Amino acid sequence: MANTAINYPNQAPLKEVTGRHIPKGLAEIKVLMGTDRHTPEHVYNRVLTNNERTIICFTAGIQPMQQKDNFRDYSGEVRIKIHKAILQLQALVKAFTDANAMAPAKFVQHAPVEPANTNYSHLTITKG
């Protein structure tokens, strides 16, 4: 049994993928990695939702009136605050993930029971 290859008669032979540029070296890979999609500006402006931008700005200590719709409008100092805020949020997620405490069920486990509102007086008909 020198030949260990298995022949599959009903399978089509593999074909080379065409139409997609495959980088030949490190220089070409660096060029691909340097595209606009790999910038904080792109993520802030085009990937994040308005709510996500608000959370980051709140964490960074940026007042609602100081928030910008375009990352380009922020000063270098504010951009560093945003960077630190993202790292702080990442550390929070990591703390919960490392403790295996991210399941929604774990957040409501042992929560105080709230009394049900059984006052249906607003539905009764009164003579007026």
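Look up a bit, the structure's there.
Residues numbered from 1 in each chain as written. Predicted model: local features only at pLDDT ≥ 70, side-chain atom pairs only at ≥ 80, totals over all residues. Heavy atoms only, no water.

(A) Representation of the overall build of the protein chain within the structure. The helix and strand inventory of the protein chain stands at five helices and zero strands. Written out in order from the N terminus, the α and β elements of the protein chain read α-α-α-α-α. Considering the protein chain as a whole, with its 128 residues, one finds that 9% of them fall into the buried category. A sequence separation of at least 24 residues applies to 42% of the contacts in the protein chain between residues at least 6 apart. A total of about 12,100 Å² of accessible surface is found on the protein chain, and carbon and sulfur atoms cover 59% of it. (Helix = DSSP H or I, 4+ residues; strand = E, 2+ residues; numbered from the N terminus. Buried < 20%, exposed > 50% of the residue type's maximum accessible area, 1.4 Å probe, protein only. Contact = heavy atoms within 4.5 Å. Areas by Shrake-Rupley, 256 points an atom, 1.4 Å probe, with all protein chains shown as cover.)

(B) Geometry of the layout of surface pockets. Approximately 160 Å³ is the volume found for the largest pocket. If you trace the largest pocket, you find it lined by Pro40, Val43, Tyr44, Leu48, Ile56, Phe71, Arg79, Ile82, His83 and Ile86. When contributions to the lining of the largest pocket are tallied by element, the ones reaching two or more residues are α2 (40-47) and α4 (76-98). When its residues are assigned to classes, the lining of the largest pocket shows eight nonpolar, one polar and one charged. (1 Å grid on protein atoms, 1.4 Å probe; cavity = no way out; pocket = protein on both sides within 12 Å on 5 of 7 lines; lining within 4 Å. Points joined across faces, edges and corners; volume = space filled by probe spheres on them. Nonpolar A, V, L, I, M, F, W, Y, C, P; charged D, E, K, R; others polar.)

(C) Here's a closer look at a nonpolar patch on the surface. A surface patch of nonpolar side chains, about 410 Å² in accessible area, is lined by Phe96, Met102, Phe107 and Val108. You can see Phe96 is positioned in helix α4. (Patch = residues over 30% accessible without salt bridge, like charges linked within 9 Å, V, L, I, M, F, W, Y side chains within 5 Å. Salt bridge = Lys/Arg side-chain N within 4 Å of Asp/Glu carboxyl O.)

(D) Quick peek at the pattern of salt bridges. For the structure shown, the criterion picks out two salt bridges. The partner of Arg72 in a salt bridge is Glu41, with the nearest N and O atoms 3.0 Å apart. Placement of the pair is Arg72 in the loop between α3 (50-60) and α4 and Glu41 in helix α2, with a sequence separation of 31 residues. Using a relative accessible area of 55% as the deciding quantity, one classes Arg72 as exposed. The partly exposed category is assigned to Glu41, whose relative accessible area is 22%. For Asp98, the salt bridge identified is with Lys94, shortest N-O distance 2.4 Å. Residue Asp98 and its partner Lys94 are located together in helix α4, separated by four residues, close to a single helical turn.

(E) Broad picture of the packing of aromatic side chains. Within the structure shown, the criterion is met by four aromatic pairs. On the numbers, 5.7 Å between centres and 85° between planes, the contact of Tyr44 with Tyr74 is edge-to-face. Residue Tyr44 is found in helix α2, and its partner Tyr74 is found in the loop between α3 and α4; the two are separated by 30 residues along the sequence. Here the two residues Tyr44 and Tyr74 agree in accessibility, since each one is buried. Here Phe96 and Phe107 contribute two aromatic rings whose centre-to-centre distance is 5.7 Å and whose plane-to-plane angle is 25°, an arrangement assigned as stacked. Taken together, the residues Phe96 in helix α4 and Phe107 in helix α5 (residues 104-108) connect sequence positions eleven residues apart. Members of the aromatic cluster, joined through ring pairs, are Tyr44, Phe71 and Tyr74. Here Arg53 stacks its cationic end above the ring of Tyr44, 5.7 Å away from the centre of that ring. (Phe/Tyr/Trp six-rings, centres within 6.5 Å; stacked < 30°, edge-to-face > 60°. Lys NZ or Arg CZ within 6 Å of the ring centre and 35° of its normal.)

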